[in-house]
Amino acid sequence: MQVLLSGYYGKGNGGDEALLATLLQMLPSSVKPIILSGNCQITQELYGVSSVERMQLTSIGKALTSSDALIWGGGSLIQDTTGYLNPFYYGMIMMTAQKMGLITIAWGQGIGPIKHRSTYWLAKRCFAGCSQVSVRDHNSAALLSEWRIPYTLAPDPVWALASKPIPELEKLHTPRIAIALRSHSLLTKARLDKLIQALVEFQQVTGSFIIVLPFQPSYDLMVAQVLDSALQNNSQIISMEDPQLLKGVFRYVDMVIGMRLHSLIMGISEGCRCFALSYDLKINMLIEELGIPGWDLAALPSDPKFICQTWVRYLTEGKSLSSKEVSSLAKRALIHQEILHTTLN
């Protein structure tokens, strides 16, 4: 069976690449995947599978014609906050596949936020036409319930992604702190300056080594470089294209300070204490569901010393999720795999 995978792939986003790696890990062995990618060469080198340029309509049409099924890969594909046209790109591919009679699966989805009526109509139509739908959060589940569309709810698939070790990181002195910020309108210069002041003092107080992780270098690297230069010593920017190695970084980390959703998921799943800086509802939902500490960036404390003291207290007194809780999340994330095997075998 040939299956076309559609998502935000080949764009250098560590979270979306982690979702793709997990999807490939979960597919039945009888399936031949073809990936719609923004960088076919890198995708083929990383995963050893065929890929097609994601913006070439002729190539997409040929790939659909030769395929038996289409999978919307995980993540927030159907939302119109980062771009009004984005959901229409994915919706066009999904509706075409459904019209052609392909098996269609919406897998590991986080639906919304949806602001425009046209996006709402498109989302409802596409999800209603899917053979199977799995979602990763309660808000998405509530929306599908409102639409009376059957679904399966399970934790984000990346909880179940296998990580790879990076033994050389053991040579870095402890404690090791990973920080994953991203460019965003809520991360203003004033807020970034406060975070930098707090992080510099935090490092002085704790003697920690700071690992700066740009999850999507095209968006995050500039912020990462500002952080790294402010820290001067005992810090390093680490960028990993292989999502299993990226998750493996967290094996050697004591605490994570993260804006990126999957920096928090990877950190928690590898046993780290995690402190969230939220710019999006999906981060707020993770904070609420798992009870991890954090702040909305819009309500970031004004005093860098207070920020530093909060982090120091969490490093010294806070606890990570228990291995039993992490194991439960990873096990329940495998429900996304069961859907693939049931539908594609």
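Structure first, text after, so check above.
Residues numbered from 1 in each chain as written. Predicted model: local features only at pLDDT ≥ 70, side-chain atom pairs only at ≥ 80, totals over all residues. Heavy atoms only, no water.

Enquirer: Could you give me a rundown of the sheet that holds strand 12 (residues 273–278), with the residues and numbers involved?
Expert: Here 6 strands make up an open sheet; going across it, the order is 10-9-8-11-12-13 and the pairing parallel. Every interior strand has two partners, whereas the edge strands, strand 10 (235–237) and strand 13 (294–296), have only one. Neighbour to neighbour, the strand axes of the sheet diverge by 15° on average, direction disregarded. Looking at chain direction, strand 11 (residues 255–258) and strand 12 are connected through 4 bridges and run parallel. Its bridge partner lying in strand 12, V256 is registered against C274. Lying over the sheet, helix 11 (residues 281–290) contacts strand 12 and strand 13, oriented at roughly 145° with respect to strand 12. (Pairing = 2+ DSSP bridges. Helix = DSSP H or I, 4+ residues; strand = E, 2+ residues; numbered from the N terminus. Axes fitted to C-alpha atoms, helices over the stretch in contact; angles between N-to-C directions. Contact = heavy atoms within 4.5 Å.)

Enquirer: Explain the environment of G271 residue by residue, including any values.
Expert: Inspection of the secondary structure puts G271 in the loop between helix 10 (261–269) and strand 12. The class of G271 is partly exposed, set by a relative accessible area of 42%. Considered as a pair, G271 and N139 are 132 residues apart in the sequence and their alpha carbons are 26 Å apart. (Buried < 20%, exposed > 50% of the residue type's maximum accessible area, 1.4 Å probe, protein only.)

Enquirer: Give a description of the nonpolar core that names residues and reports values.
Expert: Of all hydrophobic cores here, the largest spans 88 residues; its most connected members are L5, I71, L181, L213, L277 and W311. Considering every element that reaches this core, the biggest residue donor is helix 1 (residues 14–26), with 7 residues. Those residues in contact with I71 that sit more than four places away from it in its chain are V3, L4, L5, S6, L23, L27, I105, W107, L340 and L344. Residues V52, C130, V135 and A141 belong to the second largest nonpolar core, which totals 31 residues. (Core = buried A, V, L, I, M, F, W, Y, C linked by side-chain atoms within 4.5 Å.)

Enquirer: Give a description of the pattern of salt bridges that names residues and reports values.
Expert: According to the stated counting rule, one finds 6 salt bridges in the structure shown. Residue R260 is joined to D220 by a salt bridge in which the shortest nitrogen-to-oxygen separation is 2.9 Å. Of this pair, R260 sits in the loop between strand 11 and helix 10 while D220 sits in helix 8 (residues 217–231); the two residues are 40 residues apart in sequence, bridging distant segments of the chain. Of the two residues examined, R260 and D220, each falls in the buried class. Taking the shortest distance from any N to any O, the salt bridge between E270 and R251 comes out at 3.9 Å. Highlighted residues: E270 in the loop between helix 10 and strand 12 and R251 in the loop between helix 9 (243–249) and strand 11, separated in sequence by 19 residues. Of the residues examined, R251 reaches a relative accessible area of 40% and is grouped as partly exposed. (Salt bridge = Lys/Arg side-chain N within 4 Å of Asp/Glu carboxyl O.)

Enquirer: Break down the packing of aromatic side chains for me, citing the residues and quoting the values.
Expert: For any pair of aromatic rings, the description consists of the separation of the ring centres together with the inter-plane angle of the planes. With the rule as written, the count across this model stands at 10 aromatic pairs. For the pair F202 and W311, a centre-to-centre distance of 6.1 Å together with 85° between the ring planes defines the contact as edge-to-face. Of the two residues, F202 is situated in helix 7 (residues 189–206) and W311 in helix 12 (residues 304–317); the sequence distance between them amounts to 109 residues. For F202, a relative accessible area of 0% puts it in the buried group. Judged by relative accessible area, W311 falls into the buried class, the value being 1%. A ring pair is formed by F275 and W311, whose centres lie 6.3 Å apart and whose planes are at 80°; its orientation type is edge-to-face. Placement of the pair is F275 in strand 12 and W311 in helix 12, with a sequence separation of 36 residues. Put simply, the rings of F202, F275, W295, F306, W311 and Y314 pair up and form one aromatic cluster. The ring of Y219 carries the charged tip of R182 above its face, separated from the ring centre by 6.0 Å. (Phe/Tyr/Trp six-rings, centres within 6.5 Å; stacked < 30°, edge-to-face > 60°. Lys NZ or Arg CZ within 6 Å of the ring centre and 35° of its normal.)

Enquirer: How would you explain the pairing of strand 5 (residues 103–109) if you had to name every residue and give the values?
Expert: Of all the 7 residues making up strand 5, 6 are buried; the element is thus mostly covered by neighbouring parts of the structure. The sheet contact formed by strand 4 (residues 69–72) and strand 5 spans 4 bridges and is parallel. Of the residues in strand 5, the one forming a bridge with W72 is A106. Taken together, strand 4, helix 4 (residues 86–99) and strand 5 form a β-α-β motif whose crossover is right-handed. Inspection of the sheet shows strand 5 paired to strand 6 (residues 132–135) by 3 bridges, in the parallel sense. Across the sheet, I105 pairs through a bridge with Q132, a residue of strand 6. Viewed along the sheet, the connection from strand 5 through helix 5 (residues 117–128) into strand 6 turns out right-handed. (Right-handed = clockwise from strand over helix to strand, strands pointing away.)

Enquirer: An account of unusual backbone geometry is requested, with residue identities and associated values reported.
Expert: A cis amide bond links G112 to the next residue, P113, at an omega of 0°. Relative to the elements of secondary structure, P113 occurs in the loop between strand 5 and helix 5. T174 connects to P175 through a cis peptide bond whose omega is -5°. Note that P175 resides in the loop between strand 7 (152–153) and strand 8 (176–180). Positive phi values are uncommon outside glycine, yet R148 reaches one of about 60°. Along the chain, R148 falls in the loop between helix 6 (138–147) and strand 7. The exposure class assigned to R148 is exposed, which follows from its relative accessible area of 78%.

Without other data, these values stay purely geometric and don't point to any function.
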